[in-house]
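The primary structure of each chain is shown beneath.
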Amino acid sequence: MSNDESIRTGFYVCHCGHNISDVVDCTAVARYASTLAGVMVSRDYKYMCSSPGQELIRQDILEHKLNRVVVASCSPLLHEHTFRNAVAAGGLNPFLFQMVNIREHDAWVHADRAAATAKAQALVSAAIRRVALHKPLQATRAPIHPDVLVVGGGIAGIHAALTLANAGKKVYLVERQPSIGGHMAQFDKTFPTLDCAACILTPKMSAVRSHKNIVLWTYSEVAKVDGYVGNYTVTVRRKARYVDENLCVGCQECIDACVFKVPKFPDPFNLGMSMQKPIYIPFPQAVPQAAVIDPDRCIQLKTGKCKKTCVEACADRKAINLNQKEQLLEIKVGSIITATGFKLFDAKRLPEYGYGRYPDVMTTIELERLVSSSGPTGGELRLRSGKPPTAVGFILCVGSRDMRTNRWCSRTCCMHSMKLAQIVRERTGAQVTVFYIDIRAPGKGYEEFYDRSLQQGVQFVRGRVAEVSDCALSPDEAGKLVIRVEDTLAGFVRRVPLDLVVLAVGMEPQADAQEMRRILNMSCSAEGWFLEKHPKMAPVSTFTDGVFIAGCCQGPKDIPDSIAQAGAAAAEALALIDAGGIDQEPNTAYIRGEECSGCKSCISLCPYAAISFDAEKQKAVINPALCKGCGTCVASCPSGSIGQNLFEDQEVFEEINGVLDYV
Amino acid sequence: MSDMNWQPRIVAFFCSWCTYTAADLAGVSRFRYAPNVRIIRLMCSGRIDPQFVLCALADGADGVLIGGCHPGDCHYAEGNFKTFRRYRMILRLLADMGVAGDRVRLEWISASEGERVKTVINEMVERIRALGPLDIPGRFAACDSEILESADAIRLPQCKETHDVVPEVVHG
């Protein structure tokens, strides 16, 4: 304890409604705390984080001349900030405060009241011992670079970029495909309004291209991120496109002139249902409207022995540059919005549905391309045999709500399938049956959309489909695909002959989501979705300050939800920028100069090169602006001459003593 | 110490970014686990001074659990590698002192692995329960009284009158 003042601690234990008090005897904890050294006030209260709760702290500081405060409630990661503000409101330095986690680490994980109360008391004892050693500290304010990086050019990334750009901020939009647009660009129509996806998406795509505040880098990836909130240095890898997108006007003459007279390579935008040449424009509405050359297919790039007819065709424009090299560009931004999206479940993982084996078993996204007027058949739905389908079945929850594959609900497949079911009925008049577990139509206008599907004669059979086969047991099954399913409403097993089976494949985290997570120092949920800071209160923030998430990279969602999240992420970034700066936790390390022996062992340990050596004084020096407060150097100093604010050795020793207090 | 009522006492040092957050998640998910572990939050597992572990054992802990981010995932780039190095050293140190290495455990638990917190804590409590109490404070006390007794035995024949001069026993 410090000698120059007597410690006067105020202690508060929160009931958190019943969350804590149901398991921990809060009155007993308060009574116990009142017996501890330095405690002047000890109270229990229903909701400490409420304004009366905070007011209680403020009043007590003034009335009882408190100089330390301890609150036992939820996790400091949730409300430490709230209580520090309350302490500051009472005129006390906010760092003369310590929080005890008796909700997440105690009441919520234990059932035995006596044991949970004893644990709470020990944790409280630790905090009360520790806080006596706290020193007043000053948070440093870091400036925020006003530029923002948006990673991913799907609808979420596009919306976030436009929102920020319209607010006057400079935005870098990085997309790994040659065009922005994401999955939405592949859709024909959108539910529940059935308006054309391209009509609502493409104006936004061109707005991105023409916006003076947006730097659009397609065919590019984030390679490296250094720095911290407000001050990130990002390295972007711009892959060689072999066409200068600022010179190319998208006239397609190079494509016509290519030595491959006939397109012969599967076109990923149409999922291989149409072909493209080595030089191509990803899809008609692509932004930027510029060709790109696939180096694995272009004869010139592979062998160097081509007539280069494309270059000839481009003539004076000189947009094609076969010597283009990959570039690494470095930019400075203050915040980052991650909108990297999802990938679709691979239906081949469920062999019983015959995907890849039967030509007329397809996924919802393939059907989407087939009914799209810009798709491989110009919007005409045909079986692989060329005939129009007469009976179509949709299997829902393929790779969703399944213990064998993914347990989560992909949220959009019910509505997506019903949309396609309506389109198929409208275009072909075929009989359409949807095989479902539960119909989930919880959005605005969604239930009505379900009703409309019923009215349009779409049939619904409740049951998870066991298999799709071409094994006919009766004449009407001959030449058809047969679905075997237990109809759980009727209570018997059905065999349903169909000529087209559509698998409603669910969403999965991107294959390289883990890599992205590492680059941005985020966390992932166990499933691999990027983890939000708080599921309710901070749904677009991450544990890394200044990094926000939007769209399906956080979890499956539909277009309105993705856009809402993108707007929220943009607003969070704007709030950060317009605040002008951010307070940083003053947990930096420092050298006690007189004790430092100059052994230099700390210098190589610092990952941020924050420690240097003063050759004249023969002492190490820590630059507090570079120190991030990990404390690795503190733990390793052989002479114990490095301290860390908020985590001093003595403070931790007191905490150890305290948690071992068994009453 | 009466063995009937003995319960393992375990001090845990968790890094704020991964394992402490995972323990919060365990709470939010309402995973029930043994109440014997008391968690101390540090910014990084790299902050764990070997003294913290020794201090916890000397102050009466029967075991120490260290939790950090998975290798390669450290919020501070590489703090957990330093932790790992130190952990190996602590184990050697404890072995030299005759303390079973099982009493100190290092686990990498990411922020999303709430269930792992439950499993690791329950395993740790069971392991310590099987090892029995370490009770270093008790052993110190026993050692002190032993020294006092033998000091008496040595001194008595020599200086019968200066019985009050007892050599000071330093511990802790």
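Residues numbered from 1 in each chain as written. Chains lettered and ligands numbered in written order. Predicted model: local features only at pLDDT ≥ 70, side-chain atom pairs only at ≥ 80, totals over all residues. Heavy atoms only, no water.

### A few points about the overall build of chain B
- From N to C terminus, chain B includes five helices and four strands.
- Starting at the N terminus and walking to the C terminus, you meet the elements of chain B as β-α-β-α-β-α-β-α-α.
- Sorting the 172 residues of chain B into buried and exposed places 51% on the buried side.
- For chain B, long-range pairs separated by at least 24 residues make up 77% of all intrachain contacts whose partners lie at least 6 apart in sequence. (Helix = DSSP H or I, 4+ residues; strand = E, 2+ residues; numbered from the N terminus. Buried < 20%, exposed > 50% of the residue type's maximum accessible area, 1.4 Å probe, protein only. Contact = heavy atoms within 4.5 Å.)

### Overview of the packing of helix α1 (residues 26-34) of chain A against helix α5 (residues 113-131) of chain A
All names here are of chain A.
- Running from N to C, α1 and α5 cross one another at 35 degrees; their axes reach a closest spacing of 10 Å. Note on packing geometry: the crossing formed by α1 with α5 is right-handed. Contact residues: Ala28, Val29, Tyr32 and Ala33 in α1; Thr117, Ala120, Gln121, Val124, Ser125 and Ile128 in α5.
- The class makeup of the residues in the contact of α1 with α5 is seven nonpolar, three polar and no charged. (Axes fitted to C-alpha atoms, helices over the stretch in contact; angles between N-to-C directions. Left-handed = near helix turned anticlockwise from the far one by under 90°. Nonpolar A, V, L, I, M, F, W, Y, C, P; charged D, E, K, R; others polar.)

### Some thoughts on the pairing of strand β2 (residues 37-42) of chain B
Residues and elements named next belong to chain B.
- Of all the six residues making up β2, six are buried; the element is thus mostly covered by neighbouring parts of the structure.
- Residues Val37, Ile39 and Arg41 of β2 are buried on one face, and the alternating residues Arg38, Ile40 and Leu42, pointing to the opposite face, are buried as well.
- Relative to β2, strand β1 (residues 10-15) runs parallel, the two sharing six bridges. Its bridge partner lying in β2, Phe13 is registered against Ile40.
- Handedness of the crossover joining β1 and β2 through helix α1 (residues 19-28) is recorded here as right-handed. (Pairing = 2+ DSSP bridges. Right-handed = clockwise from strand over helix to strand, strands pointing away.)

### Digging into the packing of aromatic side chains
Residue and element names in this part refer to chain A.
- What the rule picks out here adds up to twelve aromatic pairs over all chains.
- Ring centres of Phe83 and Phe97 lie 6.2 Å apart, and the angle between their planes is 35 degrees; this geometry places the pair in the tilted category. With Phe83 in helix α3 (residues 76-89) and Phe97 in strand β4 (residues 97-101), this residue pair connects regions lying 14 residues apart in the sequence. Side by side, Phe83 and Phe97 carry an identical accessibility label, which is buried.
- Note on Tyr172 and Trp217: the rings are 5.5 Å apart at their centroids and 40 degrees apart in plane angle, and the pair reads as tilted. Pair noted here: Tyr172 is in strand β7 (residues 171-174) and Trp217 is in strand β10 (residues 214-217), with a separation of 45 residues, a long-range link. The same class applies to Tyr172 as to Trp217, namely buried. (Phe/Tyr/Trp six-rings, centres within 6.5 Å; stacked < 30°, edge-to-face > 60°.)

### Here's the deal with the nonpolar core
- Counting 86 residues, the largest nonpolar core has A:Leu149, A:Val234, A:Ile279, A:Ile336 and A:Ile337 as the members making the most contacts within it.
- Residue contributions to this core peak at eight residues, all from helix α6 (residues 155-166) of chain A.
- Taken domain by domain, the makeup of this core includes at least three residues from each of domain 2 (140-239 + 326-341 + 513-583) and domain 3 (253-313) of chain A.
- Counting residues in each nonpolar core, the second largest holds 80 residues, with A:Ala86, A:Leu123, A:Leu137 and B:Tyr87 among its members. (Core = buried A, V, L, I, M, F, W, Y, C linked by side-chain atoms within 4.5 Å. Domains from an automatic or database assignment.)

### Focus: the interface of chain A and chain B
- With 52 residues of chain A at the contact, the number on the chain B side is 54 residues.
- A combined buried area of about 4,400 Å² lies between chain A and chain B, and 58% of that area is made up of carbon and sulfur atoms.
- When the area that chain A buries against chain B is broken down by residue, the three leading residues are A:His105, A:Trp108 and A:Tyr662, summing to 14%.
- On inspection of chain A and its partner chain B, the count reaches four salt bridges.
- We note a salt bridge from B:Arg41 to A:Glu80, for which the minimum N-O separation is 3.6 Å.
- Joining chain A to chain B, the criterion identifies 17 residue pairs in polar contact (both at pLDDT 80 or more).
- Take the side of chain A that touches chain B: its biggest share by element is seven residues, from helix α17 (residues 649-659) of chain A. (Buried area = accessible area lost by both parts, 1.4 Å probe. Salt bridge = Lys/Arg side-chain N within 4 Å of Asp/Glu carboxyl O. Polar contact = N/O pair within 3.5 Å; in protein donor to acceptor, adjacent residues only side chain to side chain.)

### Thoughts on the sheet that holds strand β22 (residues 431-436) of chain A
Residue and element names in this part refer to chain A.
- One open sheet holds the five strands; their spatial order is β20-β27-β21-β22-β23, and the pairing between them is parallel. Only two strands of the sheet have a single neighbouring strand rather than two, namely β20 (361-363) and β23 (459-462). Each neighbouring strand pair of the sheet contributes to a mean axis angle of 25 degrees, computed without reference to strand direction.
- In this fold helix α11 (residues 364-371) packs onto β20, β21 (391-398) and β27 (500-505), with an angle of close to 90 degrees to the strand it touches most, β20.
- Where helix α12 (residues 413-428) meets the sheet, it contacts β21, β22, β23 and β27, and its direction lies at approximately 170 degrees from that of β21.

### Some remarks on the domain arrangement of chain A
- Domain annotation for chain A reports domain 1 (9-137 + 656-662), domain 2 (140-239 + 326-341 + 513-583), domain 3 (253-313), domain 4 (344-508) and domain 5 (589-645).
- A straight line from the C-alpha centre of domain 1 of chain A to that of domain 5 of chain A covers 33 Å.

### Let's talk about the sheet that holds strand β3 (residues 68-73) of chain A
Residues and elements named next belong to chain A.
- The strand order across the open sheet built from four strands is β2-β1-β3-β4, with neighbouring strands paired in parallel fashion. Whereas interior strands pair on both sides, the edge strands pair on one side only; in this sheet they are β2 (39-45) and β4. The mean angle between the axes of side-by-side strands here comes to 15 degrees, regardless of whether they run parallel or antiparallel.
- Of the strands in this sheet, β1 (9-14) and β2 are in contact with α1, which crosses β2 at around 175 degrees.

### Quick word on the state of the cysteines
- Per the stated rule, a full pass over the model turns up two disulfides over all chains.
- Through a disulfide, B:Cys18 is tied to B:Cys69; the S-S separation comes to 2.5 Å. The S-S bond linking B:Cys18 to B:Cys69 shows a torsion near 100 degrees; that makes this disulfide right-handed. Of this pair, B:Cys18 sits in the loop between β1 and α1 while B:Cys69 sits in the loop between β3 (63-68) and α3 (79-96), and the two are 51 residues apart along the sequence. By the burial criterion, B:Cys18 is buried, and B:Cys69 matches it.
- Distance from the sulfur of A:Cys553, which forms no disulfide, to the nearest cysteine sulfur (A:Cys552) is 8.0 Å.
- Look at A:Cys553 and you get buried, because its relative accessible area is 3%.
- Here A:Cys599 stays free of any disulfide, with the sulfur of A:Cys637 as its closest cysteine sulfur at 6.1 Å. (Disulfide = S-S within 2.5 Å.)

### Focus: the environment of A:Arg209
Residues and elements named next belong to chain A.
- Note on placement: Arg209 falls in helix α7 (residues 197-210).
- Taking the C-alpha atoms as reference points, Arg209 and Gln289, separated by 80 residues in sequence, lie 9.5 Å from one another.
- Residues contacting Arg209, with those up to four places away along its chain left out, are Leu216, Glu245, Asn246, Val287 and Pro288.

### Section: empty space enclosed by the protein
- Applying the stated criterion across every chain yields a total of eight cavities of 30 Å³ or more.
- When contributions to the lining of the largest cavity are tallied by element, the ones reaching two or more residues are α3, β4, α5 and α17 of chain A together with β2 of chain B.
- Residues that form the lining of the largest cavity fall into these classes: 13 nonpolar, four polar and seven charged. (1 Å grid on protein atoms, 1.4 Å probe; cavity = no way out; pocket = protein on both sides within 12 Å on 5 of 7 lines; lining within 4 Å. Points joined across faces, edges and corners; volume = space filled by probe spheres on them.)

### Section: the pairing of strand β4 (residues 104-108) of chain B
Residue and element names in this part refer to chain B.
- Burial analysis of β4 places five of its five residues in the buried class, the great majority of the element.
- Two elements, β3 and β4, share five bridges in a ladder whose sense is parallel. Bridge assignment links Leu65 to a residue of β4, and that residue is Arg105.
- In the classification by handedness, the crossover that spans β3, the intervening α3 and the parallel β4 is right-handed.

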